[in-house]
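Chains, contacts and geometry: an overview
For reference, the chains in residue letters:
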Amino acid sequence: MTRRRRRKEARFATISLPVRLIEEIEHIVDIVGYWPTKTDFVREAVVEKLEEFRKELRQREEKR
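These lines cover the structure that appears in this document, whether it is placed above or below.

Parameters at a glance
- Residues numbered from 1 in each chain as written.
- Predicted model: local features only at pLDDT ≥ 70, side-chain atom pairs only at ≥ 80, totals over all residues.
- Heavy atoms only, no water.
- Salt bridge = Lys/Arg side-chain N within 4 Å of Asp/Glu carboxyl O.
- Helix = DSSP H or I, 4+ residues; strand = E, 2+ residues; numbered from the N terminus.
- Buried < 20%, exposed > 50% of the residue type's maximum accessible area, 1.4 Å probe, protein only.

**Regarding the pattern of salt bridges**
Scanning the model with the defined rule gives five salt bridges in all. Lysine 49 is the partner of glutamate 52 in a salt bridge, and the nearest nitrogen-oxygen pair spans 3.5 Å. Of this pair, glutamate 52 and lysine 49 both sit in helix 3 (residues 38-63), three residues apart, which is roughly one turn of the helix. A residue is classified by how much of its surface remains accessible, and glutamate 52, at 43% relative accessible area, is partly exposed. Across the pair glutamate 56 and arginine 60 runs a salt bridge, and its minimum N-O distance is 2.7 Å. Of this pair, glutamate 56 and arginine 60 both sit in helix 3, separated by four residues, roughly a single helical turn. Judged by relative accessible area, arginine 60 falls into the partly exposed class, the value being 48%.

Here it is as structure tokens:
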């Protein structure tokens, strides 16, 4: 297996979350209707959180 092939296979990973959290996410997705799937909701939430931390880290670096 080539190196390039291995990278393509690792494009997505599985993450485990507590069932109660998934049920709450499903409920929000059903009620709000903005996201087509719970996966889309979770992906967007994670991206937003990462952006928040990136911004915070940049601010910390600027203070140094």
